[in-house]
Amino acid sequence: MHQPTLGLLRQPATILMGRGQRHALARHLPAGARRALVITDARMAKEPAFTAMMQQLQDAGIALTIVADVRPELPVADILNAREKLADERVDVVIGIGGGTCMDFAKVIAILLAHGGKPQDYYGEFAVPGPTVPVIAVPTTAGTGSEATPVAVVSDPDREMKIGISSPYIVPVTAVCDPELTDGAPPGLTAAVGTDALSHAIESFTAIQRPATPGLAAERVFVGKSLLSDQYALAAAAAIGRSLKTAVKGHADAELLTSARDDMVFAATAGGLALGTGGTAAAHALQYPVGAATHTPHGVGVGVLLPYVMEFNRPARVPEFAALARAFDIGDGHGDDESLSHLVIAHVAALLTDIGIPPTLAALGMPSGKERWLAAQAMKATRLIENNPRPLDVETLEIIAAAAYRGEHSLLESAA
Ligand SMILES: NC(=O)c1ccc[n+]([C@@H]2O[C@H](COP(=O)([O-])OP(=O)(O)OC[C@H]3O[C@@H](n4cnc5c(N)ncnc54)[C@H](O)[C@@H]3O)[C@@H](O)[C@H]2O)c1
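Not measured: the values here are computed from a predicted model.

J.: Honestly, the sheet that holds strand 5 (residues 124–125) in this entry has me stumped. Any pointers?
T.: The strands making up a sheet associate through backbone hydrogen bonding, with each pair oriented either parallel or antiparallel. Strand order in the open sheet formed by three strands is 5-8-7, and the pairing between neighbours is mixed. On the outer flanks of this sheet lie strand 5 and strand 7 (151–154), each paired with one strand and no other. As paired strands, strand 5 and strand 8 (residues 163–166) are joined by two bridges and run parallel to one another. Looking at strand 8, one finds that E125 is bridged to S166.

J.: In this structure, what is going on with the pattern of salt bridges? I would like to understand it.
T.: Two side chains carrying opposite charge are able to pair once their charged atoms lie near each other. Scanning the entire structure with this criterion turns up 21 salt bridges. Among the ionic pairs, R22 bridges to E180, the shortest N-O distance being 2.7 Å. Of this pair, R22 sits in the loop between strand 1 (14–17) and strand 2 (35–39) while E180 sits in the loop between strand 9 (174–177) and helix 5 (187–205), and the two are 158 residues apart along the sequence. In this structure R22 comes out as buried when scored by relative accessible area, which is 12%. The partner of E398 in a salt bridge is R372, and the shortest N-O contact between them spans 2.7 Å. In this pair, E398 sits in helix 16 (residues 394–406) while R372 sits in helix 14 (residues 371–379), placing the two residues 26 residues apart along the sequence. Judged by its relative accessible area of 40%, R372 falls in the partly exposed class. Through salt bridges with shared partners, one network takes in R19, D183 and D262.

J.: Could you clarify how one ought to interpret helix 4 (residues 100–115) in this entry?
T.: Structural remark: α-helix, 3.6 residues per turn; residues separated by three or four positions point the same way. The end-to-end C-alpha distance of helix 4 is 23 Å, a good match for the 22 Å that 16 residues give at a rise of 1.5 Å each. Phi turns positive one or two residues past the end of helix 4, at G116, with a value near 75°.

J.: Mind showing me how you'd approach the site of the ligand here?
T.: Lining the immediate environment of the ligand, one finds 25 residues, of which D41, T101, T141, T149 and K162 sit closest. Interatomic distance of 2.8 Å between a backbone N/O atom of G100 and an oxygen atom of the ligand. A distance of 3.3 Å separates a nitrogen atom of the ligand from a polar atom in the side chain of S146. Counting residues per element, the ones that place at least two in the shell around the ligand are helix 4, strand 7 and helix 5. Residue composition of the shell around the ligand, grouped by class: seven nonpolar, 12 polar and six charged. Looking at the shell around the ligand, you find at least three residues from each of domain 1 (14–182) and domain 2 (187–415).

J.: For this particular structure, what's the right way to read unusual backbone geometry?
T.: Negative phi values dominate among residues other than glycine, just as trans dominates among peptide bonds. For L74, which is not a glycine, the phi torsion comes out positive at approximately 55°. Given the relative accessible area of 2%, L74 is considered buried. Phi at D329 is positive, roughly 60°, even though this residue is not glycine. In this structure, D329 sits in the loop between helix 11 (318–327) and helix 12 (337–354).

J.: Whenever I open this one, the packing of aromatic side chains confuses me. Can you help?
T.: Counted under the stated rule, the structure contains zero aromatic pairs. Looking at K370, its charged tip hangs above the ring of W373, at a distance of 4.5 Å from the centre.

J.: How do you make sense of helix 5 when you look at a structure like this?
T.: Between the first and last C-alpha of helix 5 there are 27 Å, a value that for 19 residues agrees with the 27 Å anticipated at 1.5 Å per step. Burial within helix 5 is extensive, with 16 of its 19 residues counted as buried.

Cut-off values and rules
Residues numbered from 1 in each chain as written. Predicted model: local features only at pLDDT ≥ 70, side-chain atom pairs only at ≥ 80, totals over all residues. Heavy atoms only, no water. Pairing = 2+ DSSP bridges. Helix = DSSP H or I, 4+ residues; strand = E, 2+ residues; numbered from the N terminus. Salt bridge = Lys/Arg side-chain N within 4 Å of Asp/Glu carboxyl O. Buried < 20%, exposed > 50% of the residue type's maximum accessible area, 1.4 Å probe, protein only. Expected span 1.5 Å × (residues − 1). Near = heavy atom within 4 Å. Polar contact = N/O pair within 3.5 Å; in protein donor to acceptor, adjacent residues only side chain to side chain. Nonpolar A, V, L, I, M, F, W, Y, C, P; charged D, E, K, R; others polar. Domains from an automatic or database assignment. Phe/Tyr/Trp six-rings, centres within 6.5 Å; stacked < 30°, edge-to-face > 60°. Lys NZ or Arg CZ within 6 Å of the ring centre and 35° of its normal.

Written out as structure tokens, the structure reads:
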């Protein structure tokens, strides 16, 4: 019997993408906006591109308040402090300029400006009661896709792991994605964030597929695989397959390098559009405790885990892995789905090794003997665990963690 398929997208009203598009920022403010709150970090605040954007906004008659001290990991207290310093200043638009951290900060302060309270009041799904102050996101890393997603990730000293605020109301109203802002990113950062984008494409494309009931999109922010998110996931995977290595390693041909950087900006936003409804799964669930224990960048931890999670999930997602192999243009167009599904895992593992992602959790710096703890912590990320195409429990996650710790793929057979 034909099963109805859900198609769902949650996306910015406007996405501007292309070299030099940051110069159009002032033309895409919400109607009537007079006062902007700009969120960035100390690095970006010193960049000539940032100064030029601020000048452009001022020339358009916009009064600016700039918060330029966003810190890595996004401690919740920083957001509340910034909100309190604003007192009753009116804010018509919040503009987040930087990596995922700055964009997520912008989303959360936009919630507080509209609804009051503290970030902790909005943890989880659907806790934001209505529209926020509009957010414009201007990414400077090609990775998180936060410019297009309904989630912000913060860290809270009262919790062992980072935590998400997920709500359709926090999708930025406008995303301005200018690859020139990513041109200066060093190889290690380009690799980490590009791997994050790859993980968004793969995990959302291979996520669970839920029955397309009329209530689904209102019950969950992340519904699993959907017809529409799949299109962006595959397009992101194809662009990453073409361009991640060149973007990381550089190229003597400047035009090729530029086009690889452009591709990665596209892939990041497309990955965000896929993740924004599809959601991620086991690799992200395990990354939260790995990140907490090793203090390594999000994208690197996810990258270490990804091939092991893919291998565990493969039996439930053979046609999807074969489709990813075709998107990566591997296997000469031949081969049945079964063999392509194996090939794509080896391909992803080799690509990640090539760009410097460690092959195991041990190589990442994870202390030994923590597999059970990793599994137990990962189980707490319920929305990610429930989004995995194969059911997960603490024993299964422990096996995946052990395989990833030691690089022993054969362990995954016992989880089958
Ligand atoms: N909201 C979402 O949908 C989503 C998705 C994935 C990850 N995240 C979150 O995003 C955060 C990570 O974001 P990120 O990976 O973009 O890193 P980041 O924002 O933490 O930035 C990492 C470092 O790179 C620097 N940087 C940024 N752009 C640069 C450039 N063009 N050139 C040189 N240096 C540059 C920053 O100053 C910072 O020092 C994490 O908190 C993660 O949990 C959010």
